[in-house]
Amino acid sequence: MKEIVDPLLGWYAKNKRELPWRGDRNPYHIWVSEIMLQQTRVEAVKGYYARFLERLPAIEDLAAVAEGELLKLWQGLGYYNRARNLQKAAQIIGQEYGGSFPEEYELLLKLPGIGEYTAGAIASIAFQKRVPAVDGNVYRIYTRFFADGSDITQGKVRRRIRDEIGDVVPEGHPGEFNQALMDLGASICLPNGAPLCGECPLAGRCLACRGGTMLSFPVKPEKKARKIEDRTVFLLEYEGKYLIQQRPKKGLLAGLWEFPSEEGKLPLEKIKPLLKGWGADLDEIEMLGSGKHVFSHVEWHMLGYLVHLRGLKEEFAGGFVLADLDEIQNKYSIPSAFSMYLEKIL
Ligand code: SF4
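Note that this is a predicted model, so its numbers are computed, not measured. (Residues numbered from 1 in each chain as written. Predicted model: local features only at pLDDT ≥ 70, side-chain atom pairs only at ≥ 80, totals over all residues. Heavy atoms only, no water.)

*Asks:* I'm lost on the pattern of salt bridges in this one. Help?
*Replies:* Proximity of charged atoms lets side chains of opposite charge pair with each other. Per the counting criterion, the structure on display carries 16 salt bridges. A salt bridge links Asp 183 to Arg 17, with the nearest nitrogen and oxygen atoms 2.7 Å apart. Placement of the pair is Asp 183 in helix α11 (residues 174-187) and Arg 17 in the loop between α1 (5-15) and α2 (27-37), with a sequence separation of 166 residues. The salt bridge involving Glu 116 is made with Arg 162; its shortest N-O contact spans 2.7 Å. With Glu 116 in helix α8 (residues 116-127) and Arg 162 in helix α10 (residues 155-168), this residue pair connects regions lying 46 residues apart in the sequence. Salt bridges here are not isolated pairs; linked through shared partners, they connect Arg 17, Arg 22 and Asp 183. (Salt bridge = Lys/Arg side-chain N within 4 Å of Asp/Glu carboxyl O. Helix = DSSP H or I, 4+ residues; strand = E, 2+ residues; numbered from the N terminus.)

Next comes the structure, spelled out in structure tokens:
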């Protein structure tokens, strides 16, 4: 493994990506960017990152911001617990570390939402600690480099790879080394499709490249199929405002706001009796069409209706908030699962 260090650092010096969070070694910047980058592409993160830091430029601001505003800043990135954990960790850093980031990998690991990869990234990039930051990119590079067919979803395999990478993180350049692996995985040793071995600094020593077996690695067992949930979504409009409700505090999209919905894909003829049964005073119903949203374990297959209400009876509206379009856009966090319907009314 040691022999990858020099070629990798040499390649990184010439080819590193210019990213907004790489302008300094501020641990807050590195942390926020790494959490946003989990499950989200770099290009998509850039705008969120800029907005987030403009509103919350320092860790104290993150610790103090109201949860509703925090979730609004996060809206569209998904996996909202990441935002909640960011805030919890910021509060702990304020209370237990006087507002300064702990520098040690083990201490970082104790903070909510910070796993081994993120702790490694912060400790090595911001504080020059000799620790690895191993994510899917690195498992892919490693298993291709050694043509290693171990199942990388297994904890013991991951630990072994992390330990081996950890042993060769170079003194004096741990941050560059880890970022070089991140960049190589993002731009050369690509995840879906053929890697660009002709441009890779490791090509001469890479076993998968020599054997032409790059696409056989990494080995992962087949994923379980996602559960499909059919839902009928109602945009209930009254005098230019819409009825929204808050989701339960636990579970999928916890605490976010949504348009009311009903299980199943209901045809128009079943909508009227259903809504009347809820106590709605109906005027007109428009179809908004089908939509799909994919979560990690579930897919929502949706059918949407825009329902204009003639009146709003207290017993019907009781569980909802009546929000205008400005509030829907700027105050309440509505998950991107509903964007295709939101777009139709904005
Ligand atoms: S030579 Fe090809 S397969 Fe091997 S690490 Fe480089 S890009 Fe990946």
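*Asks:* Where do I start with the packing of α2 against α8 in this structure?
*Replies:* For any two helices packed against each other, one specifies the inter-axial angle together with the distance between the axes. Following both chains from N to C, one finds α2 and α8 inclined at 150°, their axes separated by 9 Å at the closest point. The angle between α2 and α8 places the two elements in the roughly antiparallel class. The handedness of the crossing between α2 and α8 comes out as right-handed. Contacts from Pro 27, Ile 30, Trp 31, Glu 34 and Ile 35 in α2 reach Tyr 117, Thr 118, Ala 121, Ile 122, Ile 125, Ala 126 and Phe 127 in α8. The class makeup of the residues in the contact of α2 with α8 is 10 nonpolar, one polar and one charged. (Axes fitted to C-alpha atoms, helices over the stretch in contact; angles between N-to-C directions. Parallel < 35°, antiparallel > 145°, perpendicular 65-115°, else oblique. Left-handed = near helix turned anticlockwise from the far one by under 90°. Contact = heavy atoms within 4.5 Å. Nonpolar A, V, L, I, M, F, W, Y, C, P; charged D, E, K, R; others polar.)

*Asks:* Looking at this model, I keep getting lost on the confidence of the model for the protein. Mind explaining?
*Replies:* Low pLDDT means the predicted atomic positions in that stretch should not be read closely. For the protein, the average pLDDT comes to 94, and 100% of its residues sit at 70 or higher. When pLDDT is averaged over each element of the protein, helix α4 (residues 59-64) comes out on top at 98 and helix α14 (residues 314-317) at the bottom at 74. (pLDDT = per-residue confidence, 0-100.)

*Asks:* What is the right way to look at the site of the ligand in this model?
*Replies:* The full set of residues close to the ligand is Arg 144, Ile 188, Cys 189, Pro 195, Cys 197, Cys 200, Ala 203, Cys 206, Cys 209 and Met 214. Partitioning the shell around the ligand into residue classes produces nine nonpolar, no polar and one charged. (Near = heavy atom within 4 Å.)

*Asks:* Please clarify how the nonpolar core should be interpreted in this entry.
*Replies:* A general tendency of soluble globular proteins is for nonpolar side chains to be buried together. Counting residues in each nonpolar core, the largest one holds 67 residues, and the members touching the most others are Tyr 28, Trp 31, Phe 52 and Phe 259. If you tally residues by element for this core, the top one is α8, at eight residues. Counting only domains with at least three residues in this core, you end up with domain 1 (2-216) and domain 2 (227-345). Of all hydrophobic cores here, the second largest spans 31 residues; its members include Ile 4, Leu 8, Leu 9 and Phe 177. (Core = buried A, V, L, I, M, F, W, Y, C linked by side-chain atoms within 4.5 Å. Buried < 20%, exposed > 50% of the residue type's maximum accessible area, 1.4 Å probe, protein only. Domains from an automatic or database assignment.)

*Asks:* Looking at this model, I keep getting lost on α8. Mind explaining?
*Replies:* Because each turn of an α-helix spans 3.6 residues, side chains separated by three or four positions in sequence point in the same direction. Given a rise of 1.5 Å per residue, 12 residues ought to cover 16 Å, and the 15 Å separating the end C-alpha atoms of α8 matches this to within 8%. Taken together, the buried positions of α8 are occupied by Tyr 117, Thr 118, Ala 119, Gly 120, Ala 121, Ile 122, Ala 123, Ser 124, Ile 125, Ala 126 and Phe 127. Where α8 is buried, its residues contact α2, α7 (105-109) and α11. In the stretch just after α8, Gln 128 is the one whose phi turns positive, near 55°. (Expected span 1.5 Å × (residues − 1).)

*Asks:* Would you take a moment to explain the packing of helix α3 (residues 42-55) against helix α5 (residues 67-74) for this structure?
*Replies:* Closest axis-to-axis distance for the α3/α5 pair is 9 Å, and the angle between their directions is 155°. Here α3 is positioned roughly antiparallel relative to α5, judged by the angle of their axes. In this structure, α3 contributes Tyr 48, Arg 51, Phe 52 and Arg 55 to the contact, and α5 contributes Glu 69, Leu 70, Leu 73 and Trp 74. Per-class residue counts for the contact of α3 with α5 are five nonpolar, no polar and three charged.

*Asks:* Just checking my understanding: could you explain the packing of aromatic side chains for this structure?
*Replies:* Two measures describe an aromatic ring pair: the distance that separates the ring centres and the angle between the ring planes. Going through the model one piece at a time under the given rule, you end up with 12 aromatic pairs. A centroid spacing of 5.0 Å and a plane angle of 90° characterise the contact between Phe 145 and Phe 146, whose relative ring orientation is edge-to-face. Taken together through their ring pairs, the aromatic side chains of Phe 259, Phe 295, Trp 300 and Phe 338 make up a single cluster. For the cation-ring pair, Arg 51 lies above Tyr 48, with the distance from its terminal atom to the ring centre recorded as 5.0 Å. (Phe/Tyr/Trp six-rings, centres within 6.5 Å; stacked < 30°, edge-to-face > 60°. Lys NZ or Arg CZ within 6 Å of the ring centre and 35° of its normal.)

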